[in-house]
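Coordinates in review
Chain by chain, the residues:
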Amino acid sequence: MNASDAGEPVAEAEAEPTDRPPVLLVHEDREHLVQPGEEFGSDLGVLEVPTDVEPGQVLETHLGTEFRVRKLRGPDLFHHFERTGAPMVPRDVGLVIGETGIGVGDRVLDTGTGTGVLAASMARAGASVVSYERDPEFADVARENMALGGVSSDVEVRTGDLRDDLETLAAGPGFDVLTLDTGDAPTIVEHTPDLLAEGGFVAVYSPFVETARETSEAAREAGLSNVVTRETIQREMTFDDRGSRPSTAPVGHTGYLIVARLE
């Protein structure tokens, strides 16, 4: 749940410097991301978050409201990262990681950083990520989000267009995975053989079927194999006294994922 949906804190002191990762304070359907050592305040009261706070603890505000401490995990990034656009949803992040096998020691080249949910998630899976974001303000927010997610040392957010650095990137060691979430993906996919190590994967996310088709064609023209395009769709189920059926509330479709490999 996004904290903004649950009610913003009415007062919150600036956090004391700490190397401890942030934690979530949870009360019923409300979640607030806090830093160990800071004072947290909301309409439910004020509490001091200990510097040695641990997940599972219960903290009580001066009004007697209890908050349970929860460890920040990957799916929480989607809800609590500062947004600069529509971030990739957790199920699509999972598909990218699952389809490409991203893991410990992999080197990933990413472009279209945006909020940074995908880049941070890949880093949390053990990869080292270089991510390009054209908008300087978006890039600054993404760097702050990397710090929030505890992956600043594993994700380098570069401000600029990846295409401007193609020659330099191609001269270095090949990347294990290339992930693209940008409208010009077809023009970048053309250069995939110069960027990937042998056996490496490219994964492209697109909200539009036209771009997905162009990307798929570009991957084949570049000599990539196992080119597959899938619509990412998921339906939540509803169970009640009348019966069971897919929920009509959420949007099931999010976009298209193109995956290919350099043999």
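The structure we're discussing is the one just above.
Residues numbered from 1 in each chain as written. Predicted model: local features only at pLDDT ≥ 70, side-chain atom pairs only at ≥ 80, totals over all residues. Heavy atoms only, no water.

Structural notes on the overall build of the protein
Helix and strand counts for the protein stand at nine helices and 16 strands. The dimensions of the protein, computed from C-alpha atoms along their principal axes, are 65 × 55 × 30 Å. Summed over all atoms, the accessible surface of the protein reaches about 13400 Å², with 47% contributed by carbon and sulfur. With 21 positive and 49 negative side-chain charges, the protein shows a spacing of 7 Å between the two charge centroids. (Helix = DSSP H or I, 4+ residues; strand = E, 2+ residues; numbered from the N terminus. Areas by Shrake-Rupley, 256 points an atom, 1.4 Å probe, with all protein chains shown as cover. Lys, Arg positive; Asp, Glu negative; His and termini not counted. Charge placed at Lys NZ, Arg CZ, Asp CG, Glu CD.)

Some thoughts on the side chain of Thr61
By secondary structure assignment, the location of Thr61 is in the loop between strand E6 (58-60) and strand E7 (66-71). The residues touching Thr61, leaving out its near neighbours within four places in the chain, are Leu44, Gly45, Val46, Leu47 and Phe67. (Contact = heavy atoms within 4.5 Å.)

So, the side chain of Thr215
Here Thr215 shows up in helix H9 (residues 209-221). Classification of Thr215 by relative accessible area gives buried; the value is 1%. Setting aside residues up to four positions removed in sequence, Thr215 forms contacts with Ala185, Pro186, Val189, Val204 and Ile258. (Buried < 20%, exposed > 50% of the residue type's maximum accessible area, 1.4 Å probe, protein only.)

Some points on the packing of aromatic side chains
For the structure shown, the criterion picks out one aromatic pair. Arranged with centres 5.8 Å apart and planes meeting at 80 degrees, the rings of Phe40 and Phe67 form a pair that is edge-to-face. With Phe40 in strand E4 (residues 39-42) and Phe67 in strand E7, this residue pair connects regions lying 27 residues apart in the sequence. Of the two residues, Phe40 and Phe67, neither departs from the other in class, the shared state being buried. The ring of Phe78 is capped by Arg83, whose NZ or CZ atom sits 4.5 Å from the centre of that ring. It is Arg107 that lies over the ring of Phe175; its NZ or CZ is 4.2 Å from the centre. (Phe/Tyr/Trp six-rings, centres within 6.5 Å; stacked < 30°, edge-to-face > 60°. Lys NZ or Arg CZ within 6 Å of the ring centre and 35° of its normal.)

Notes on the nonpolar core
Ile102, Val108, Met122, Val129, Met146 and Val155 are the most contacted members of the largest nonpolar core, which totals 31 residues. Elements with a minimum of two residues in this core: strand E2 (23-27), helix H3 (90-100), helix H4 (117-124), helix H5 (136-148), strand E10 (155-159), strand E12 (196-206) and strand E16 (253-261). Per element, the largest residue contribution to this core is six residues, and it comes from H4. In this structure Val155 touches Ala119, Ala123, Val129 and Met146, once residues within four positions along its chain are discounted. In this structure, Leu162, Leu166, Leu169 and Val204 belong to the second largest nonpolar core, which totals 25 residues. (Core = buried A, V, L, I, M, F, W, Y, C linked by side-chain atoms within 4.5 Å.)

Details of H4
Because each turn of an α-helix spans 3.6 residues, side chains separated by three or four positions in sequence point in the same direction. Counting buried residues in H4 gives seven out of eight residues, a clear majority hidden from the surface. Residues of H4 that are buried include every one of Val117, Leu118, Ala119, Ala120, Ser121, Met122 and Ala123, and no others. One or two positions beyond H4, positive phi appears at Gly126, with a value near 115 degrees.

Structural notes on the sheet that holds E7
Overall, antiparallel pairing links the four strands, which are arranged E3-E2-E7-E6 in an open sheet. Each having just a single partner strand, strand E3 (30-34) and E6 make up the two edges of the open sheet. Neighbouring strand axes in the sheet, compared pairwise and without regard to direction, differ in orientation by 35 degrees on average. Bridging between E6 and E7 involves three bridges; their strand directions are antiparallel. Bridge pairing in E7 places Leu59 opposite Phe67. (Pairing = 2+ DSSP bridges. Axes fitted to C-alpha atoms, helices over the stretch in contact; angles between N-to-C directions.)

Thoughts on the pattern of salt bridges
Scanning the entire structure with this criterion turns up 11 salt bridges. Put simply, Asp140 and Arg143 hold a salt bridge, and the shortest N to O gap is 2.8 Å. Of this pair, Asp140 and Arg143 both sit in helix H5, three residues apart, which is roughly one turn of the helix. On the basis of relative accessible area, Asp140 is assigned to the partly exposed category, the value being 43%. What emerges from the salt-bridge pattern is a single network uniting Arg134, Asp161, Arg163 and Asp184. (Salt bridge = Lys/Arg side-chain N within 4 Å of Asp/Glu carboxyl O.)

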